[in-house]
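Here is what each chain is made of, one letter per residue.
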Amino acid sequence: MISVIQRVSQAQVRVGGEVIGEIGAGLLVLLCAERGDAQAQADKLLAKILKLRIFSDDAGKMNRSVQDTGGGLLLVSQFTLAADVSGGNRPSFTGAALPEDGRHLYDYFVAQARSVHPKVETGQFAADMQVHLVNDGPVTIPLHIPPDA
């Protein structure tokens, strides 16, 4: 699975002009399932995200996780993270999971996150979404758990 994590002071997702997911301080997580991914990749990625120490401690060092701070998670599916532009200027998305597999893994990831973290909001799978965020830092970190991991 591929993800881009952004530390935010606030973030929201809109569909059709209506807010469907919103958090204050926490992490905006863009998620993409790749062909060959399974629940094992989702579990590894979630564990890494929850323990990633990118929030400041009292000394101002990035030493605290979203779990330590009690921040929110806003989980947004984004198959375009699997874009391959090596063959030209038009991206190919053949590395992304098929839509039904991607939906299954996204739903699984959300359910697992909700079972272990108190504040989890989401976008809407396969919808045309507008994501609004205030990147705090800015801190943006790509994470990739390959299908064979």
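Quick note: structure is the one above.
What comes next concerns the included structure. (Residues numbered from 1 in each chain as written. Predicted model: local features only at pLDDT ≥ 70, side-chain atom pairs only at ≥ 80, totals over all residues. Heavy atoms only, no water.)

So, unusual backbone geometry
Working note: non-glycine residues mostly have negative phi, and peptide bonds are mostly trans.
Here is step 1: That bond from G137 to P138 is cis: its omega, 0°, falls within 30 degrees of zero.
Here is step 2: Of note, P138 is situated in strand β8 (residues 129-144).
Here is step 3: Phi at A126 is positive, roughly 65°, even though this residue is not glycine.
Here is step 4: Counting through the fold element by element, A126 comes out in the loop between β7 (120-122) and β8. (Helix = DSSP H or I, 4+ residues; strand = E, 2+ residues; numbered from the N terminus.)

Quick look at the environment of G17
Here is step 1: Inspection of the secondary structure puts G17 in the loop between β1 (2-15) and β2 (18-23).
Here is step 2: Judged by its relative accessible area of 53%, G17 falls in the exposed class.
Here is step 3: Considered as a pair, G17 and Q130 are 113 residues apart in the sequence and their alpha carbons are 8.3 Å apart. (Buried < 20%, exposed > 50% of the residue type's maximum accessible area, 1.4 Å probe, protein only.)

Focus: the packing of aromatic side chains
Here is step 1: Summed over the entire model, instances satisfying the criterion amount to two aromatic pairs.
Here is step 2: Each ring, one from F79 and one from F93, has its centre 5.0 Å from the other, and the planes form 70°; the classification is edge-to-face. Linking F79 in the loop between β6 (72-77) and α3 (99-116) with F93 in the loop between β6 and α3, this pair joins segments that are 14 residues apart in sequence.
Here is step 3: Measuring from centroid to centroid gives 6.0 Å for Y106 and F125, while their planes differ by 40°, and the two rings are tilted. (Phe/Tyr/Trp six-rings, centres within 6.5 Å; stacked < 30°, edge-to-face > 60°.)

Thoughts on the environment of M1
Here is step 1: Residue placement: M1 occurs in the segment before β1.
Here is step 2: Taking the C-alpha atoms as reference points, M1 and V120, separated by 119 residues in sequence, lie 19 Å from one another.
Here is step 3: The contact partners of M1, leaving out residues within four places of it in the chain, are C32, A33, E34, D37, Q41, A42, L45, F109, L143, H144 and I145. (Contact = heavy atoms within 4.5 Å.)

Comments concerning the pattern of salt bridges
Here is step 1: Scanning the model with the defined rule gives two salt bridges in all.
Here is step 2: Its salt-bridge partner being D136, residue R7 comes within 3.5 Å of it at the nearest N-O pair. Residue R7 is found in strand β1, and its partner D136 is found in strand β8; the two are separated by 129 residues along the sequence.
Here is step 3: Judged by its relative accessible area of 32%, D136 is partly exposed.
Here is step 4: A salt bridge links K119 to E121, with the shortest nitrogen-to-oxygen separation between them at 3.5 Å. (Salt bridge = Lys/Arg side-chain N within 4 Å of Asp/Glu carboxyl O.)

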